[in-house]
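One letter stands for each residue in the lines below.
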Amino acid sequence: MNIKIKSIPEDFIVNESQTLLISSSKENMKYVILSVGKKGYTTFEAISEIAKFWGINSNLLGYAGLKDEDGITYQMVSMPIEYDIPKKIEEFNSKFNDKERFIFIVRMGYFYRSIRIGQLQGNSFKIRLRNVPEDTAREIKSKSRRRVFFPNYYDTQRFGIPNMPKRTHLIGEALYENNYDLAMQYMKEGTPNDCENAHEFEDSKSFFVGMDKKKLTFYYNAFTSKMYNKHLGDYIKKSMQYYEKSYDGISYVMPQSGKCLANVDSSHEKLCVPRYDVDSNMELSLKYFYRYTFIDTIIHVGSVEEDSLNEEMYAVNIDFFLPSGCYATMAVKQFLCEVEYEKCMK
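Criteria and thresholds
Residues numbered from 1 in each chain as written. Predicted model: local features only at pLDDT ≥ 70, side-chain atom pairs only at ≥ 80, totals over all residues. Heavy atoms only, no water. Helix = DSSP H or I, 4+ residues; strand = E, 2+ residues; numbered from the N terminus. Buried < 20%, exposed > 50% of the residue type's maximum accessible area, 1.4 Å probe, protein only. Contact = heavy atoms within 4.5 Å. Areas by Shrake-Rupley, 256 points an atom, 1.4 Å probe, with all protein chains shown as cover. Lys, Arg positive; Asp, Glu negative; His and termini not counted. Charge placed at Lys NZ, Arg CZ, Asp CG, Glu CD. Core = buried A, V, L, I, M, F, W, Y, C linked by side-chain atoms within 4.5 Å. Pairing = 2+ DSSP bridges. Salt bridge = Lys/Arg side-chain N within 4 Å of Asp/Glu carboxyl O. Axes fitted to C-alpha atoms, helices over the stretch in contact; angles between N-to-C directions. Parallel < 35°, antiparallel > 145°, perpendicular 65-115°, else oblique. Nonpolar A, V, L, I, M, F, W, Y, C, P; charged D, E, K, R; others polar. Patch = residues over 30% accessible without salt bridge, like charges linked within 9 Å, V, L, I, M, F, W, Y side chains within 5 Å.

Engineer: Help me understand the overall build of the chain in this model?
Structural biologist: In terms of helices and strands, the chain carries 8 helices and 13 strands. By residue count, 49% of the 346 residues in the chain fall in the buried class. For the chain, contacts bridging at least 24 residues in sequence account for 73% of all contacts bridging at least 6. Of the accessible surface of the chain, which amounts to about 17500 Å², a share of 48% is contributed by carbon and sulfur atoms. Once the 46 positive and 47 negative side-chain charges of the chain are each reduced to a mean point, those two points are 4 Å apart.

Structure, rendered in structure tokens:
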């Protein structure tokens, strides 16, 4: 099957879910909470543009998670309350209102503390699958709700940007080994926009020292994410029937059927994952967290219609919710495998 998940950004809509008790009053509050909608920008790029426009350090802006650029995404961002200037928001929205690539800000209210990475319940997704053959579309439509179990891998978005070599985990590994020249080489290959100002620095190390520490932390943790994926893949190989598939040059070990994941050995329900933080002196601090290895969700099937982008094919609309840190594209890949399996069994 060559079903397409992200043909155009409008096919992939993400809404962040948080339980902030936002106040409409500034009294005793320290931060203004903004809803940031975007298309064609990563979270890092959007944060950078907001910071430059307000003339503040990007570290002053708080956000709970990272959203990709190849969709339309909405997330909360906190900003110190002293920078809450209504006219500034209007001016920003006017500047970044291109239909093909935009950032749009709405003030939601006020809160007593900054939003932080990981402070997120999850995300809801509305996805339009394209290039779906008629018989597959019919099989998908035969059930309006499907429970899907899938391996909780970090998907390819974690390791690079669309249509570019996946290198973020290699950048993180090189940084961990203090090989700054190699890290720079990988960055030029995979995320060239992140190093377009490298010529302003004396050498590779000084460039990374000057980098936004949240972005630097992201690279280190892309490395640990790849290690987690390998451990999860090794467990699947030993415990169930599987197949190996490469997506964008990254190899994944997938279960033949998600149903076998419902009864995973309790000792492997979670894996311990290291998480690095980088301070202003390039000193690393290490924490650990447990990540669930397998996730289940209910995928709701909506309308099925002729695909306007692909002749004689169909488009299928689905929606679902995932906890923070899970990848919708991984859930969809397992979902499509289940559909194809059921179709073959008839």
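Engineer: Just checking my understanding: could you explain the environment of K99 for this structure?
Structural biologist: For K99, the position within the fold is in the loop between α2 (86-95) and β5 (102-111). Of the residues examined, K99 reaches a relative accessible area of 71% and is grouped as exposed. Residues K99 and G40 lie 59 residues apart in sequence; the distance between their C-alpha atoms is 9.8 Å.

Engineer: Which parts of the structure should I look at to understand the nonpolar core?
Structural biologist: Soluble globular proteins tend to bury their nonpolar side chains together. Formed by 47 residues in total, the largest nonpolar core has its most connected members in I127, L129, I318, F320 and L322. A per-element tally of this core places helix α8 (residues 328-345) first, with 7 residues. Here I127 is in contact with I5, D11, F12, V316, N317, I318, F320, A328 and V332, once residues within four sequence places are set aside. With 42 residues, the next largest nonpolar core counts W54, F96, A198 and F207 among its residues.

Engineer: What exactly am I supposed to notice about the pairing of strand β11 (residues 284-292) here?
Structural biologist: Bridging between strand β10 (residues 270-278) and β11 involves 9 bridges; their strand directions are antiparallel. Looking at the pairing, C272 lines up with Y290 of β11. In this structure, the hairpin formed by β10 and β11 is closed by a connection of 5 residues, where M282 is found at a positive phi of approximately 65°.

Engineer: Could you clarify how one ought to interpret the pattern of salt bridges in this entry?
Structural biologist: Working definition: two side chains of opposite charge can pair if their charged atoms are close together. Throughout the structure, instances matching the rule amount to 20 salt bridges. Linking E49 and K52 is a salt bridge whose minimum nitrogen-to-oxygen distance equals 3.9 Å. With a gap of 3 residues between them, E49 and K52 both fall in helix α1 (residues 43-54), about one helical turn apart. What makes K52 exposed here is its relative accessible area of 58%. Where K333 meets D155, a salt bridge forms, and the shortest distance between an N and an O atom there is 2.9 Å. Pair noted here: K333 is in helix α8 and D155 is in the loop between β7 (145-151) and α4 (168-176), with a separation of 178 residues, a long-range link. Of the two residues examined, K333 and D155, each falls in the buried class. A single salt-bridge network, built from bridges that share partners, covers D11, R128, R130, E305 and D307.

Engineer: Which parts of the structure should I look at to understand the pairing of β7?
Structural biologist: It is a general feature of regular strands that their side chains alternate between the two faces of the sheet. For β7, a buried count of 5 out of 7 residues is recorded, marking the element as mostly surrounded by other parts of the structure. With 7 bridges joining them, β7 and strand β12 (residues 294-306) adopt antiparallel strand pairing. Bridge pairing in β12 places R146 opposite I299.

Engineer: Please explain the side chain of N229 as it appears in this structure.
Structural biologist: By the secondary structure assignment, N229 is in helix α7 (residues 213-239). Ignoring any residue separated from it by four or fewer positions in sequence, one finds N229 in contact with Y153, Y154, F159 and Y252.

Engineer: Just checking my understanding: could you explain the packing of helix α3 (residues 134-141) against α8 for this structure?
Structural biologist: Two quantities define a packed helix pair, namely the angle between the axes and the distance from one axis to the other. Two elements in contact, α3 and α8, have axes whose closest approach is 10 Å; the angle formed by their N-to-C orientations is 100°. Comparing the axis directions of α3 and α8 gives the class roughly perpendicular. Mapping the contact onto sequence places D135, T136, E139 and I140 in α3 and F335, L336, V339, E340, E342 and K343 in α8. Of the residues belonging to the contact of α3 with α8, the class tally is 4 nonpolar, 1 polar and 5 charged.

Engineer: Would you explain a nonpolar patch on the surface in this entry?
Structural biologist: Taken together, the side chains of F104, V106 and M108 define a hydrophobic patch exposed on the protein surface, amounting to about 260 Å² of accessible area. For V106, a relative accessible area of 35% translates into the label partly exposed.

Engineer: What is the right way to look at the environment of I47 in this model?
Structural biologist: Note that I47 resides in helix α1. The exposure class assigned to I47 is buried, which follows from its relative accessible area of 5%. For the pair I47 and G62, spaced 15 residues apart in the sequence, the C-alpha separation amounts to 9.0 Å. Beyond its immediate sequence surroundings of up to four residues, I47 is in contact with S58, L61, Y63 and V77.

Engineer: Hey, could you run me through unusual backbone geometry in this one?
Structural biologist: Phi is mostly negative for residues that are not glycine, and the peptide bonds are mostly trans. Phi is positive for N28, which is not a glycine, with a value near 65°. Inspection of the secondary structure puts N28 in the loop between β1 (12-17) and β2 (31-39). By relative accessible area, which is 68% here, N28 ends up exposed. One non-glycine residue, D248, adopts positive backbone phi at about 50°. Secondary-structure assignment places D248 in the loop between β8 (242-247) and β9 (250-255).

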